[in-house]
Amino acid sequence: MVKYFIRRVLQTIPVLLIISFIIFSLVFVAGDPVALMLPEDASFEDVENLREALGLDRPFLVQYGSYVVNLLQGDFGESFRFNQSALPIVLDRLPATIELAVAAMLVAIVISIPLGIWSATKRNSSLDLLATGGAVIGKAMPNFWLGIMLILLFSVTLGWFPVSGRGTMLHLVLPAITLGTGIAAEMTRLIRSSMIDILNQDYVRTAKSKGIHDFFVVYKHAFRNSLIPVVTITALQTSTVVGGALITETVFSWPGLGQLLIQAVNTRDMAVVQACVFVIAILVILMNLFADLLYRLLDPRIKYN
Amino acid sequence: MSSAQVNVAAENGEIINKEAKPFLKWARLLLKSKTGTVGFLIVFLIVLVSLTAKWIAPHDPAAINPANMLLPPFWMDGGTAAHLLGTDNLGRDILSRIIYGSQVSLMVGVTSVILAGIIGVFIGLISGFYGGIIDNILMRLVDSFLAIPNILFALVILTIFGPSVITLIVVLGVTNWVSYARLVRGEVLSIKEREFVKAARSIGVKNNKIILRHLLPNVISSFIVISTLSVATTIILEASLSFLGLGIQPPTVSWGGILSDGRDYLATSWWLATFPGVTITITVLGIIFLGDWLRDVLDPHSQGRS
């Protein structure tokens, strides 16, 4: 177990290196920041001097090397918009995004677990059709559009919830539902098919034949086991959830990473963009690692190799 | 099936069975599935609309008419039959804009999926077939892409290279190849242990020939299924990027763009943001239905599982 864990952690190092290389190459290709930093009538000598001072005249790989050294120290460069180091700006916005993501996950769990179990135990009933149909529609609806429609109905027309911003619990409701329904759609399908698999297993049939009440068969024997794939696949959804959060935040002006990122993208504040990418990538990698370990903890049959 | 084949078939009873069978078989399989039929009809309709946009759109999608600003749909007070789904803040006809918008959405969706498919299948074949260090490196590359949400990666590239239709297609292609690579690699790992591949190897068939002749044809059906579903997610991703202002740029009309325009008029003119969203949802729903049906037909193992 410990050995396996160490190996998995070590595997993330090349992944982070590849990500840093991709990002660095993209920014390198994007062109010389010097042209933006100096006035238009700057002389050739001025440009060269500044390039030298910033180390931009060095070969690509040398520049990449010092880039990685800086990254290891948490230095993503200065944000020219905020005039401060980029990483703290990004970390400052992280709690808001995590709050939204967790709330959305709760919404998703509350919707999908009962719905998934129900539709699996009563296959082809009208409720099953409603649940699977709802799941497909939830998947087909663009997240941001659902958000807009919720604002239209509950904020503009009914006036129940604020249109945008963060602060009270009321502010959290619509964004969490927006992001949560998309995840719920995927999870309902998963729980349903996982439950159907388990309900066909021999031990479930045995439990039934022993005369155990349906309720206990479903919850004690089937549901617990069906959770194994569900829990891990849910943790693997982090990338999708964070991606969805980026757009949901824009729709609701939620002051998280997404909003910061879109602003940074529009002002070409590359230091902040890079810091955002890394923070999100590390978050996703950690969650995937967590999912992997959880899977092995929940299911002792899995071997560590 | 060409008409020449039908004629030949009509002359010879035996050939009828041989030649006409595939088409009939597929039609029968399709009609057996309600959702498959619905999906096929939706996709067929959307493709037809986008191909004939020039002739069926009631108005020029870019024609500005200040006299008709923010007209509601025809069934509401103040709506007219001339603008069935109403007009936007510049008096442009929403229905015509949605009809023209289908062209960009489908074009970007399909071409970027083809690009992603080519990259992903190639990497998946190489990774699965050769294994070892090559596999290890390529799979770490896959992990790296998986750690960055698609939309985030797309945003970064679009910021650097600036938004355009070509950039968008490349960006969506480059962000989506990962799912193909993983799937194809997984299939290749099991196929390459099968007898016919071992037999080909034992008689000295060259590696690239094994890959092209024996492995590639066997991953085609998964490829078709995942491509269909990929078009659906790509259409949503494109709409999201256009909504954020980094996708399709005006004057080119896109569904995400119309939606984004409508957001500022939510309080007064709900139809601006509503109709393009409904269109996207129906289109994606149709593609998902079609894709699910294709999976059931092409991959009997997964039948009825989800």
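Residues numbered from 1 in each chain as written. Chains lettered and ligands numbered in written order. Predicted model: local features only at pLDDT ≥ 70, side-chain atom pairs only at ≥ 80, totals over all residues. Heavy atoms only, no water.

Undergrad: I'd like to hear about the overall build of chain B, residue by residue, with values.
TA: Scanning chain B from terminus to terminus reveals twelve helices and zero strands. Going from the N terminus to the C terminus, chain B shows its helices and strands as α-α-α-α-α-α-α-α-α-α-α-α. Overall, the C-alpha framework of chain B stretches about 75 × 60 × 35 Å when taken along its three principal axes. Across the 306 residues in chain B, those meeting the buried criterion constitute 48%. Taking the contacts inside chain B whose residues are at least 6 apart along the sequence as the reference set, 69% of them involve residues at least 24 apart. Summed over all atoms, the accessible surface of chain B reaches about 14,600 Å², with 65% contributed by carbon and sulfur. Charged side chains in chain B number 22 positive and 18 negative. The centres of these two groups are separated by 11 Å. (Helix = DSSP H or I, 4+ residues; strand = E, 2+ residues; numbered from the N terminus. Buried < 20%, exposed > 50% of the residue type's maximum accessible area, 1.4 Å probe, protein only. Contact = heavy atoms within 4.5 Å. Areas by Shrake-Rupley, 256 points an atom, 1.4 Å probe, with all protein chains shown as cover. Lys, Arg positive; Asp, Glu negative; His and termini not counted. Charge placed at Lys NZ, Arg CZ, Asp CG, Glu CD.)

Undergrad: Got a sec to walk through helix α7 (residues 143-157) of chain A? Specific residues and values, please.
TA: Compared with an ideal rise of 1.5 Å per residue, which puts 15 residues at 21 Å, α7(A) spans 20 Å between its outermost C-alpha atoms and is within 8% of the ideal. Most pronounced at A:Ile151, the bend in α7(A) amounts to some 30 degrees. Turning to α7(A), its buried residues are A:Phe144, A:Trp145, A:Leu146, A:Gly147, A:Ile148, A:Met149, A:Leu150, A:Ile151, A:Leu152 and A:Ser155. Taken together, the buried residues of α7(A) touch α8 (169-199) and α11 (238-252) of chain A together with α10 (207-243), α11 (255-263) and α12 (271-298) of chain B. Of the residues one or two after α7(A), A:Gly159 is the one with positive phi, at around 70 degrees. (Expected span 1.5 Å × (residues − 1). Bend = angle between axes of the 7 residues up to and from the residue.)

Undergrad: Just give me the short version of the environment of A:Val231, but keep the residues and values in it.
TA: Residues and elements named next belong to chain A. Mapped onto the fold, valine 231 is located in helix α10 (residues 214-236). Judged by its relative accessible area of 26%, valine 231 is partly exposed. A sequence separation of 67 residues divides valine 231 from leucine 298, and the C-alpha atoms of the two residues are 9.3 Å apart. Here valine 231 is in contact with Leu294 and Leu298, once residues within four sequence places are set aside.

Undergrad: Run through the UniProt feature "transmembrane region" (unreviewed entry) in chain A, naming residues and quoting values.
TA: Per the UniProt record, "transmembrane region" (unreviewed entry) is found at residues 12-31, 100-121, 142-163, 169-185, 227-252 and 272-295 of chain A. Between the C-alpha atoms that bound residues 272-295 of chain A the distance is 34 Å, and the span itself is 100% helix and 0% strand. (UniProt positions renumbered as here; feature names shortened; annotations may be inferred.)

Undergrad: With reference to specific residues and values, describe a positive patch on the surface.
TA: Taken together, the side chains of B:Lys21, B:Lys25, B:Arg28 and B:Lys32 define a basic patch exposed on the protein surface. With respect to the helices and strands, the residue B:Lys21 is situated in helix α2 (residues 13-32). (Patch = residues over 30% accessible without salt bridge, like charges linked within 9 Å, V, L, I, M, F, W, Y side chains within 5 Å. Salt bridge = Lys/Arg side-chain N within 4 Å of Asp/Glu carboxyl O.)

Undergrad: Could you give me a rundown of the pattern of salt bridges, with the residues and numbers involved?
TA: Residue and element names in this part refer to chain B. A full pass over the atoms with the stated rule returns seven salt bridges over all chains. With a shortest N-O distance of 2.7 Å, arginine 185 and aspartate 135 are connected by a salt bridge. With arginine 185 in helix α8 (residues 165-191) and aspartate 135 in helix α6 (residues 132-147), this pair connects stretches of sequence that are 50 residues apart. A salt bridge links aspartate 292 to arginine 295; the shortest N-O distance between them is 3.3 Å. Within this pair, aspartate 292 and its partner arginine 295 are both found in helix α12, separated by three residues, close to a single helical turn. The residues aspartate 292 and arginine 295 share a single accessibility class, namely buried.

Undergrad: Break down the packing of aromatic side chains for me, citing the residues and quoting the values.
TA: In this structure the tally under the stated criterion is 14 aromatic pairs over all chains. Aromatic pair A:Phe144 and B:Phe243: ring centres 4.5 Å apart, planes at 25 degrees, arrangement stacked. On the criterion of chain membership, the pair formed by A:Phe144 in helix α7 and B:Phe243 in helix α10 is interchain, its members lying in two chains. On the basis of relative accessibility, which here comes to 1%, the residue A:Phe144 falls in the buried class. Through pairs of rings, three or more aromatic residues link up here, namely A:Phe21, A:Phe24, A:Tyr64 and A:Tyr67. (Phe/Tyr/Trp six-rings, centres within 6.5 Å; stacked < 30°, edge-to-face > 60°.)

Undergrad: Give me the interface of chain B and chain A: which residues, what numbers.
TA: Counting residues at the interface gives 43 residues for chain B, matched by 46 residues for chain A. In total, chain B and chain A occlude about 4,000 Å² of area from one another, counting both sides; carbon and sulfur atoms represent 78% of this. Put simply, B:Asp292 and A:Arg189 hold a salt bridge, and the shortest N to O gap is 4.0 Å. Remark: the boundary between chain B and chain A carries four residue pairs in polar contact (both at pLDDT 80 or more). (Buried area = accessible area lost by both parts, 1.4 Å probe. Polar contact = N/O pair within 3.5 Å; in protein donor to acceptor, adjacent residues only side chain to side chain.)

Undergrad: Could you give me a rundown of the domain arrangement of chain A, with the residues and numbers involved?
TA: All names here are of chain A. Domain parsing of chain A yields domain 1 (2-87) and domain 2 (94-298). The distance between the C-alpha centroids of domain 1 and domain 2 comes to 35 Å. Facing the 22 residues of domain 1 at the interface are 21 residues of domain 2. Summed over both sides, the interface of domain 1 with domain 2 buries roughly 1,900 Å², with 75% coming from carbon and sulfur. Considering only the side of domain 1, the residues that lose the most area to domain 2 are Tyr4, Phe76 and Arg81, jointly responsible for 28% of the buried surface there. If you look at where domain 1 meets domain 2, you find zero salt bridges. For the interface between domain 1 and domain 2, the tally reads one residue pair in polar contact (both at pLDDT 80 or more). Those elements that place two or more of their residues in the side of domain 1 that touches domain 2 are α1 (2-30), α4 (60-72), β1 (78-79) and α5 (86-121). (Domains from an automatic or database assignment.)

Undergrad: Provide a residue-level description of the side chain of B:Ser240, including the pertinent values.
TA: Mapping B:Ser240 onto the fold places it in helix α10. Classification of B:Ser240 by relative accessible area gives buried; the value is 3%. Non-local contacts of B:Ser240, meaning those with residues more than four positions away in its chain, are made with A:Phe144, A:Ile247 and B:Ile151.

Undergrad: Explain the confidence of the model for chain B to me, using residue names and the numbers behind them.
TA: All names here are of chain B. Across chain B, the average pLDDT comes to 81, with 91% of residues at 70 or higher. The model gives residues 1-17 a pLDDT under 50, and that stretch makes ten contacts with residues more than four places away or in other chains. Prediction confidence for the complex, expressed as pTM and ipTM, is 0.82 and 0.80 respectively. (pLDDT = per-residue confidence, 0-100.)

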